[in-house]
Amino acid sequence: ALARQLAHSFDVDAVIDTGDITSFGFEPESAFLDLFEGFGVRYYLVAGNHDSAAGRARLADNPDITLLDGDMVDVGGVTILGMSDPTDTALRRVPRATLDRTYRSQFDQTSALVEQEQPDLLMVHNPVQARPVYSKVPTVAAGHLHTSRLEVVDGTIVAIVGSSGATGVGDLLVESTNDYEFELLRYRDGRLVAVDRLRLEGAAGDFVLQRIRLDDPEDTTDDVDDEGADEPSLEEVREN
């Protein structure tokens, strides 16, 4: 409901969602999908590691959203490639070696699609997924880390957004709660020129907007890590 309100208030061309619609992958959580009915704005989604196979099937069948996995869409002249997370770790721990192999197994497909389609924006869930195409794609949008970061890696702008669902039902497991966080990507003539960070402290709390201009971005880091995540860091899946 909050995403719908913001999408209409800012008159966006489309919503791009970087995944984890559910926290545990349980069937009762699929009721969240009913909230997409009549959203009124084009909604593109890549699945996250907490979106189970059954959940992804429900997402793919939902007429109010478009699930992307190796697919291209055009939003106002901005071409977007979406790659869903190849892992499924909802309520289970997977050995890091297995996760490493799973992410690496997607690298060739991502590289080939970026080279063939030349997208303006690559959507992924975990920023690890974009490792093979830094410097080859102008912008990457990711999530997973539950914190907002804006960095430039090898010439690629990496926009990582916090959780648009705050802590979600995950607050059953933790004492602290996250804010609701969104980002508005502003394009001009096919080029990302600014990012507006939107943060809401509690469903009825303070609303904060911060604009970051990208007139002349410079590399700010040599890497994007995922400190605190259960999945392998970028360093651990760096190609040899």
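Note that this is a predicted model, so its numbers are computed, not measured.

## Comments concerning the pattern of salt bridges
A complete count under the given rule lists five salt bridges for this structure. In this structure, Arg199 engages Asp179 in a salt bridge whose closest nitrogen and oxygen atoms are separated by 3.5 Å. Residue Arg199 is located in strand β11 (residues 191-200), and its partner Asp179 is located in the loop between β9 (156-160) and β10 (180-188); the two are separated by 20 residues in the primary sequence. Residue class for Arg199 comes out partly exposed when judged on its relative accessible area of 27%. You can call Asp179 partly exposed: its relative accessible area is 24%. Among the salt bridges present, the one from Asp196 reaches Arg211, with a minimum N-O distance of 2.7 Å. Within this pair, whereas Asp196 is found in strand β11, its partner Arg211 is found in strand β12 (residues 207-213), the two being separated by 15 residues in sequence. Among the ionic contacts, a cluster of salt bridges with common partners joins Arg186, Asp196 and Arg211.

## As for the sheet that holds strand β8 (residues 149-153)
With mixed pairing, the six strands of this open sheet are ordered in space as β4-β5-β6-β7-β9-β8. Taken across any chain shown, the strands that pair with only one partner, and hence form the sheet edges, are β4 (71-75) and β8. Direction aside, neighbouring strands of the sheet carry axes that sit 25° apart on average. As paired elements, β8 and β9 share five bridges and run antiparallel to each other. In the strand pairing of β9, Val152 is matched with Ile157. Contacts between helix α3 (residues 96-117) and the sheet are confined to β4, β5 (78-83) and β6 (121-124), with β5 contributing the most and set at about 165° to the helix.

So, how was this worked out
- Residues numbered from 1 in each chain as written.
- Predicted model: local features only at pLDDT ≥ 70, side-chain atom pairs only at ≥ 80, totals over all residues.
- Heavy atoms only, no water.
- Salt bridge = Lys/Arg side-chain N within 4 Å of Asp/Glu carboxyl O.
- Helix = DSSP H or I, 4+ residues; strand = E, 2+ residues; numbered from the N terminus.
- Buried < 20%, exposed > 50% of the residue type's maximum accessible area, 1.4 Å probe, protein only.
- Pairing = 2+ DSSP bridges.
- Axes fitted to C-alpha atoms, helices over the stretch in contact; angles between N-to-C directions.
- Contact = heavy atoms within 4.5 Å.

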